[in-house]
Amino acid sequence: MVFNKVSKLVAAALLSTPCFLFAQESIAPKPKPHVLVISVNGMEMDVLRPLLLEGKLPNLMSVIKRGVYGKLRTVSAPNCPRVFSTIFTSTSPEEDGVTGFIVGGVTANTNMLKEEPIWSILSKNHVTVGMANVPATFPVMPVDGYMVSGMLTRGKNCEDGVLCAPKLSETFGGDSVYPAPLKTELIKNVGDYYVDCERMPGAQDLAGHESEVINAWLQKVDLIRSQQTKLFDYLLSNHPKDFTWLGQSCEDRTGHWLYPIAPYNAGYNPKINAVREDAFPSQYIAFDKVLGSILKHVDDNTYVFIVSDHGIKPLREFEDMNMPMNMHMDHEKTTPVIAKHDFADGDEVPGSFFAMGPDIKHDDRLMGLEASVYDIAPTILHLYGIQQPSQMHGHVLTQIFETSEKNLAQK
Ligand SMILES: [Zn+2]
């Protein structure tokens, strides 16, 4: 637990020394770039592409036109905590300690991290950090800024913290907001919002009430997304930071059980799958509006990264026959799942990557799987001129910059 010691040192520095706050003034460095990461769980290009062609994702299209996009290679058997912890640390799930939703019988949490995450490295290097609704960041940790946890936060009716939606005031079992007074401020100004997306209904809840349950669930998702949009807008307006990371997770959750599959697909049930064929694509149309709201806070000197931990695809019979049926039950509980992402070969469900910024290429595409979830942290550290720690396996995505040689020389 080397990292825990580091974490305590960061906490001590933040709490005890006012000079930490004045470090920037005394050293008088050149202005730091602004970096904004927006993560979307399970963003699937197969579903995004037709929507882009139809003109239904104008904000994402504007990022594509002004930047670089492509697939993002993920880890094997990808799921949310497993991949996000790799994005945080640029180390493998086995090395960073967060190998899945449940690790040694305990829900994935930040106390398990054995490698230093990016928010800690940035804070130590005097880059101010703001993180909200990012999965697998509970309990929150001290940073030079703020941290508000997202998916996998424990709370009322969400005792295990897995895929459920406690309200901010109902979280327990660890801190959901750093610094603590920000929690009261958020409840006052944003409202007592739902920290994560809604848990998927079980088979028993659905039986005989399919349409009603599906529509009610989707309405709750709309409510949660509108609350989270308000949260992001409030934080970006009132607590601007050098580095900000905002997360969305309802899209993946919807895809698992409402992916628009055909009758020949595994698990097709017309009582469920013919009710709202628009449900999953509509999540990305709704996300695009969230993105539009976030982009209002972005100026020409801000780097924007939109990243996904993995994609999501309909079930395939041949793969499932070789897989224990309970392999992803801790994720999906008893919901009749028709799409998933924890395929043994992660290359079948790559994530996605979009970037734009001051010296990032325009209207350019990354081919194949040349960019990986391991590369996100090194690339962000590079933008701040921070040396990549030796344990990180990824590399700086020099190919996305107009003048990669110049950028590397600044390092
Ligand atoms: Zn999922």
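The structure contained in this document is the topic of the report that follows. What you see is a predicted model, and the numbers here were worked out from it, not measured in a lab.

## Section: the state of the cysteines
Using the criterion set out here, one finds two disulfides in the structure. Each sulfur in the disulfide pair cysteine 158 and cysteine 164 lies 2.0 Å from the other. Of note, the bridge from cysteine 158 to cysteine 164 carries an S-S torsion of about 70° and is right-handed in sense. The residues cysteine 158 and cysteine 164 share a single accessibility class, namely buried. One disulfide in the model links cysteine 197 with cysteine 250; its S-S distance is 2.2 Å. Looking along the S-S bond of the cysteine 197-cysteine 250 disulfide, the torsion reads about 115°, which is the right-handed sense. Of this pair, cysteine 197 sits in the loop between helix H8 (181–189) and helix H9 (203–206) while cysteine 250 is found in helix H11 (residues 250–258), placing the two residues 53 residues apart along the sequence. Judged on exposure class, the residue cysteine 197 and its partner cysteine 250 are both buried. In the protein, the cysteines engaged in disulfides, taken in order along the sequence, are linked 1-2, 3-4.

## Remarks on the packing of aromatic side chains
For the coordinates displayed, the defined rule picks out 10 aromatic pairs. Both rings, one in phenylalanine 84 and one in phenylalanine 88, keep their centres 6.2 Å apart while their planes meet at 50°; by these two values the pair is tilted. Of this pair, phenylalanine 84 and phenylalanine 88 are both found in helix H5 (residues 80–89), four residues apart, which corresponds to roughly one turn of the helix. Note on phenylalanine 84: relative accessible area 0%, which makes it buried. A residue is classified by how much of its surface remains accessible, and phenylalanine 88, at 0% relative accessible area, is buried. Measuring from centroid to centroid gives 5.2 Å for phenylalanine 280 and tyrosine 284, while their planes differ by 55°, and the two rings are tilted.

## Some details on the packing of helix H4 (residues 58–66) against helix H13 (residues 279–295)
Relative to each other, H4 and H13 sit at 60°, their axes nearing to 7 Å. What the angle tells us is that H4 and H13 run oblique. Judged by residue contacts, Pro58, Asn59, Leu60, Ser62, Val63 and Arg66 of H4 engage Asp288, Lys289, Leu291, Gly292 and Leu295 from H13. In terms of residue class, the contact of H4 with H13 is built from five nonpolar, three polar and three charged.

## Focus on helix H16 (residues 376–383)
With eight of its eight residues buried, H16 lies for the most part within the structure. Taken as a whole, H16 has its buried residues at Ile376, Ala377, Pro378, Thr379, Ile380, Leu381, His382 and Leu383.

## Side note on the sheet that holds strand E1 (residues 34–40)
What the nine strands build is an open sheet, ordered E7-E6-E5-E8-E1-E9-E12-E2-E13; its pairing is mixed. Looking at strand neighbours, the two that pair on one side only are strand E7 (177–178) and strand E13 (364–366), the edges of this open sheet. Direction of pairing for strand E2 (residues 68–72) relative to strand E12 (residues 351–356): antiparallel, over a ladder of five bridges. Among the inter-strand pairings, lysine 71 is bridged to a residue of E12, identified as serine 352. On the sheet, helix H10 (residues 210–238) packs against E1, strand E5 (129–134), strand E6 (145–149) and strand E8 (243–248) and is oriented at approximately 175° with respect to E8.

## A look at the nonpolar core
Among the nonpolar cores identified, the biggest contains 74 residues, and Phe243, Trp245, Phe305, Phe353 and Ile400 are the most heavily contacted of them. At six residues, H10 tops the list of elements feeding residues into this core. Dropping the residues within four chain positions of it, isoleucine 400 is found in contact with Val68, Phe305, Phe353, Ala355, Asp359, Ile360, Lys361, Leu366 and Thr379.

## A look at the side chain of serine 123
Mapped onto the secondary structure, serine 123 falls in helix H7 (residues 118–124). Engagement of the side chain of serine 123 in a polar contact is seen with the backbone oxygen of tryptophan 119, the distance being 2.9 Å.

## Digging into the pairing of E5
Counting buried residues in E5 gives six out of six residues, a clear majority hidden from the surface. Pairing of E5 with E6 involves five bridges; the strand directions are parallel. Residue pairing in the sheet places valine 134 in a bridge with serine 149 of E6. Pairing between E5 and E8: four bridges, direction parallel. Within E8, the position partnered with glycine 130 by the bridge is threonine 244.

## Focus on the environment of proline 142
The topology assignment puts proline 142 in the loop between E5 and E6. Given the relative accessible area of 22%, proline 142 is considered partly exposed. Residues proline 142 and serine 123 lie 19 residues apart in sequence; the distance between their C-alpha atoms is 8.9 Å.

## Notes on the packing of H10 against H13
Running from N to C, H10 and H13 point in directions that differ by 15°, and their axes come no closer than 10 Å. In terms of their interaxial angle, H10 and H13 are classed as roughly parallel. In this structure, the crossing between H10 and H13 has a hand that is right-handed. Two secondary-structure elements touch here, H10 through Leu218, Val221, Arg225, Thr229, Phe232, Asp233 and Leu236 and H13 through Ala279, Gln283, Ala286, Phe287, Val290, Ser293 and Ile294. Residues of the contact of H10 with H13, tallied by class, amount to nine nonpolar, three polar and two charged.

About the thresholds
- Residues numbered from 1 in each chain as written.
- Predicted model: local features only at pLDDT ≥ 70, side-chain atom pairs only at ≥ 80, totals over all residues.
- Heavy atoms only, no water.
- Disulfide = S-S within 2.5 Å.
- Buried < 20%, exposed > 50% of the residue type's maximum accessible area, 1.4 Å probe, protein only.
- Helix = DSSP H or I, 4+ residues; strand = E, 2+ residues; numbered from the N terminus.
- Phe/Tyr/Trp six-rings, centres within 6.5 Å; stacked < 30°, edge-to-face > 60°.
- Axes fitted to C-alpha atoms, helices over the stretch in contact; angles between N-to-C directions.
- Parallel < 35°, antiparallel > 145°, perpendicular 65-115°, else oblique.
- Contact = heavy atoms within 4.5 Å.
- Nonpolar A, V, L, I, M, F, W, Y, C, P; charged D, E, K, R; others polar.
- Pairing = 2+ DSSP bridges.
- Core = buried A, V, L, I, M, F, W, Y, C linked by side-chain atoms within 4.5 Å.
- Polar contact = N/O pair within 3.5 Å; in protein donor to acceptor, adjacent residues only side chain to side chain.
- Left-handed = near helix turned anticlockwise from the far one by under 90°.

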